[in-house]
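# Architecture at a glance
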Amino acid sequence: MNRAERIFHLHRLLQGRRPPSLADLMERLEVSRATVKRDLEYMRDFMQAPIEYEAQANGYRYAQDAPAFELPGLWFNESELLALLTMEQLLEDVQPGLLAPTLGPLKGRIRELLASGGHQPDTVRRRIHIQPLAQRGSRGESFQAVATATLDEHPVEIEYHGRARDAASCRVVHPQRLLYYRDNWYLIAWCEQARDLRTFALERIRSVQPVESAYRSIDEATLDAHTGDAFGIFTGPAQEWAVLRFTPEHARWVADEIWHPEQIGEYEGDAYRLRIPYSDPTELAQEILRHGPGVEVLAPAELRQRVADDLARAAHQYT
């Protein structure tokens, strides 16, 4: 029984005619004394429940002189609600297959958890949507093969059609991690051709074949640095720091956004200055251009010139 279920049981018990003792609550909820105490404190502190201890009855109840207390209709926190709705949406997209007997009960359990917030799952799903952004469909067979190779630590040969060069190539890679970024899947792998870590968009992998050779494992610290040191999906150690100044109108939005864990942001009057570490400028330039005249690149000079050139070419199309 999770906390949500326990609190709903507690709520009903505290509404009863006879105040339940601590021992009663422990027995009914099948938890320890400490857990009951924590749940009661949680209801008092975070739900403002008027719970009091009645010494004469040696039990707990809602204060009789307080307004009638009802549990909040939905009291998941942001991350809990996102996790539940995302899991439900992903499971709804799964086609019937070998896992249907297993996924069915799992879907039912998620619906029960959503209902524990006080609303029917259908209502929650209808009122709260998760909208993917620029999601690209991947090849199911390629995803399965790559995921298996990643978990089994097994090298594979892939045929990859990169967008940058618009050309296909075959290479042997040693899968290290699968990365879900901006609603799309990527493979982080050590590439024998490049002799280094590379990032591959899964929807661009045309074929996957196992290779009988020794697997090369990369340590966690190196992988973390590869995917986390610089801005965006163009991974690798940060080479530069972009310095951006946003107008007051755009500062109201950007000041609340996390572009990178190591970013440095500060107000300069009503404007907002943001420093971002990056490696490849491609995605960062696209993000900057999204703000149009609301941002100016102050440094480095190369990034400033690139954005200026992109803006000039865009403006030329309308003249």
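Calculation notes
- Residues numbered from 1 in each chain as written.
- Predicted model: local features only at pLDDT ≥ 70, side-chain atom pairs only at ≥ 80, totals over all residues.
- Heavy atoms only, no water.
- Helix = DSSP H or I, 4+ residues; strand = E, 2+ residues; numbered from the N terminus.
- Rg over C-alpha atoms; globule rule 2.2 N^0.38 Å.
- Buried < 20%, exposed > 50% of the residue type's maximum accessible area, 1.4 Å probe, protein only.
- Contact = heavy atoms within 4.5 Å.
- Areas by Shrake-Rupley, 256 points an atom, 1.4 Å probe, with all protein chains shown as cover.
- UniProt positions renumbered as here; feature names shortened; annotations may be inferred.
- Pairing = 2+ DSSP bridges.
- Axes fitted to C-alpha atoms, helices over the stretch in contact; angles between N-to-C directions.
- Polar contact = N/O pair within 3.5 Å; in protein donor to acceptor, adjacent residues only side chain to side chain.
- Domains from an automatic or database assignment.

### Some details on the overall build of the chain
For the chain, the count of helices and strands is 11 helices and 11 strands. Its C-alpha atoms give the chain a radius of gyration of 27 Å, more than 25% over the compact-globule value 20 Å for 319 residues. Projected onto its principal axes, the C-alpha coordinates of the chain cover approximately 80 × 60 × 40 Å. By the burial criterion, 36% of the 319 residues in the chain qualify as buried. In the chain, 58% of the contacts between residues at least 6 apart in sequence involve partners at least 24 apart. When the accessible surface of the chain is split by element, carbon and sulfur atoms take 51% of a total near 19500 Å².

### Some thoughts on the UniProt feature "domain: Helix-turn-helix type" (unreviewed entry) in the chain
As annotated in UniProt, the feature "domain: Helix-turn-helix type" (unreviewed entry) corresponds to residues 8-61 in the numbering used here. Strand forms 13% of residues 8-61 and helix 56%; the C-alpha atoms that close the span are 14 Å apart.

### Let's talk about the sheet that holds strand β9 (residues 264-268)
What the 4 strands build is an open sheet, ordered β9-β10-β8-β11; its pairing is antiparallel. Taken across any chain shown, the strands that pair with only one partner, and hence form the sheet edges, are β9 and β11 (295-299). Within the sheet, the average angular offset between the axes of one strand and its neighbour, ignoring direction, is 25°. Its contacts with the sheet place helix α11 (residues 301-316) against β8 (240-246), β10 (271-278) and β11, and it is angled at close to 150° to β11.

### Quick notes on the side chain of Q263
Its location among the elements puts Q263 in the loop between α9 (248-254) and β9. A polar side-chain atom of Q263 sits 3.1 Å from the main-chain carbonyl oxygen of E257. At a separation of 3.1 Å, a polar atom in the side chain of Q263 contacts the main-chain amide nitrogen of H260. Those residues in contact with Q263 that sit more than four places away from it in its chain are E257, I258, L274, R275 and I276.

### Comments concerning the domain arrangement of the chain
The domain boundaries assigned to the chain delineate domain 1 (3-62), domain 2 (78-127), domain 3 (140-218) and domain 4 (240-316). A C-alpha centroid distance of 38 Å is found between domain 2 and domain 4.

### A closer look at the pairing of strand β4 (residues 167-181)
Sheet topology note: the strand β3 (residues 156-162)/β4 ladder contains 7 bridges and is antiparallel. Paired with E159 across the bridge in β4 is C170. Connecting β3 to the antiparallel partner β4 that follows it, the hairpin turn spans 4 residues, and D166 within it adopts a positive phi of roughly 50°. Pairing between β4 and strand β5 (residues 184-191): 8 bridges, direction antiparallel. Residue pairing in the sheet places P175 in a bridge with A189 of β5. Connecting the antiparallel pair β4 and β5 is a turn made up of 2 residues, with R182 showing a positive phi of about 50°.

### A closer look at the sheet that holds β5
Ordered by their spatial adjacency, 5 strands build an open sheet running β6-β5-β4-β3-β7, and the pairing between neighbours is antiparallel. The open sheet is flanked by β6 (196-201) and β7 (205-210), the only strands paired with a single partner. In this sheet, neighbouring strand axes are inclined to one another by 45° on average, regardless of whether the strands run parallel or antiparallel.

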